[in-house]
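A closer look at the structure
The chain contents come next:
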Amino acid sequence: MKRKARILLVDDDASLLKLLGLRLKSEGFEVATATSGAEALEWLERERPDLVLSDLRMDGMDGLALFDRIQRQHVGLPVVIMTAHGSITDAVSATRSGVFGFLTKPIDKEALRRTIHEALAVSLPAFEDDWQHEMLTRSPAMTGVLEQARRIAPLDISVLITGPAGAGKELMARVLHQASPQRDHPFVALNCGSLPEPLLESELFGHVRGAFDGADADYAGVLLTAAGGTLLLDEVEELPARLQSRLLRALEQQEVRPRGGNRNIKTDVRVLSASSRDLVAAMEQGRFREDLFYRLNVVNLALPALKERPEDIPLLARHFLEQIRQRQATQVTGFAPEALALLASAPWPGNVRQLLNLVEQAVAMASAPVIGAQLIESLLTGSGEQFPTFNEARAEFERMYLNKVLRMTDGNVTQAAALAGRNRSDFYKLLSRHGIEASAFKRKQD
């Protein structure tokens, strides 16, 4: 379900605070209250609302001073100012400084409702509803992609999702599935770069009993198990040429012949594909079939790198922290403003996946309820202990293994491939994936 919008209400008049709080709750909002600017800032250290509604005239820190602190420490959080001493001067001063709205007491019910909804339209992540509640964003770049996704989600067309590793391509595929007519049918994802060709062929098309040694029973591949639903082919650029041809035929004819089978089986599946590589370049170099490329790339959704959407970093960090809090018992409740500033300014070569990994590390290593800047800085600079993901560990093992067999064979690719139990074509693909030149291992002649 769509969550309630959160409003922080700040006023030094306790009776008015209670009355306005009850009114906002009756309107369906989640409300927190503070009786001073200082108390509001303390609350903001722990939580992030979607809107702050503050009195202008308060003892100590007034509404504009509170807004100034919020503007510096909680970028993008809208503030609406209320006052019983309304004047043109106050309103002009407030709006010119960046305050979202200005309301005069006694508060008109309709003006309050209109101003709040206008502010929340800016504050709440775009399209925050059931179909894509995980794709949180305030970034114009990401919002444009989501708008395109919403338009094409109901259409029975193939979509190619591109973007750097860790940018959220599989999550986008799940969003498209959730918003499609196929939402009540299976969503199946297959990583085309994680299996050798024979296993990948079985995973795609299935096999019949006895098709090869070890095939002890019939096996339905993903093109059949995802029938009626959505199939995501991740790292689609890794498909071997022979399987590219078979996949194209299956998509065109909407039927599959399992390995070793003698009949075709009808299937109806929407195919989404994802790639972090330049498929156009691969097509031009003859490594990817042109006809398959155009079959898969009816629409392209290009996800931006996280560094291109810095306004989303605090939003995502808080979201990941909340997810962790729901899964496990932890004393951690939030981030210090300085910690969020460090996160927002980091380059994030690993994109959203790296941010999630870092938040998980920070929660595990935090010694206080609020994650401070020092811990974030240590993790960003690598001084904190970082445990690799499975894919990172596998890639490092592959790189070390390839270097070792090339050293053992003095850079002879034929011998190295035989030693590794791979054909030359597959072995060259592995070398290319890791940027390894076999010639560098050839022993120099005296």
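These figures come from a predicted structure and were not determined experimentally.

Rules and cut-offs
- Residues numbered from 1 in each chain as written.
- Predicted model: local features only at pLDDT ≥ 70, side-chain atom pairs only at ≥ 80, totals over all residues.
- Heavy atoms only, no water.
- Pairing = 2+ DSSP bridges.
- Helix = DSSP H or I, 4+ residues; strand = E, 2+ residues; numbered from the N terminus.
- Right-handed = clockwise from strand over helix to strand, strands pointing away.
- Axes fitted to C-alpha atoms, helices over the stretch in contact; angles between N-to-C directions.
- Phe/Tyr/Trp six-rings, centres within 6.5 Å; stacked < 30°, edge-to-face > 60°.
- Buried < 20%, exposed > 50% of the residue type's maximum accessible area, 1.4 Å probe, protein only.
- Lys NZ or Arg CZ within 6 Å of the ring centre and 35° of its normal.

Re the pairing of strand S2 (residues 30–34)
- The pairing of strand S1 (residues 6–10) with S2 spans 5 bridges and is classified as parallel. The residue of S2 that forms the bridge with Ile-7 is Val-31.
- Regarding topology, helix H1 (residues 14–26) serves as the crossover connection from S1 to the parallel S2, and that connection is right-handed.

Points about the sheet that holds strand S3 (residues 51–55)
- Read across the open sheet, the 5 strands follow the order S2-S1-S3-S4-S5; overall the sheet is parallel. Sheet topology places S2 and strand S5 (101–104) at the edges, where each strand pairs with a single neighbour. For this sheet the average axis-to-axis angle between neighbouring strands, irrespective of direction, equals 20°.
- Of the strand pairs in this sheet, S1 and S3 are connected by 4 bridges, and their pairing is parallel.

A few points about the packing of aromatic side chains
- If you walk through the whole model with that rule in mind, you get 2 aromatic pairs.
- Summarising the aromatic geometry, the rings of Phe-293 and Tyr-294 are spaced 5.1 Å apart at their centres and angled 80° between planes, so their arrangement reads as edge-to-face.
- Judged by its relative accessible area of 6%, Phe-293 is buried.
- Of the residues examined, Tyr-294 reaches a relative accessible area of 48% and is grouped as partly exposed.
- Lying across the ring of Phe-205, Arg-246 places its NZ or CZ 4.0 Å from the centre.

Honestly, that's just the spatial picture; any functional story needs more than this.
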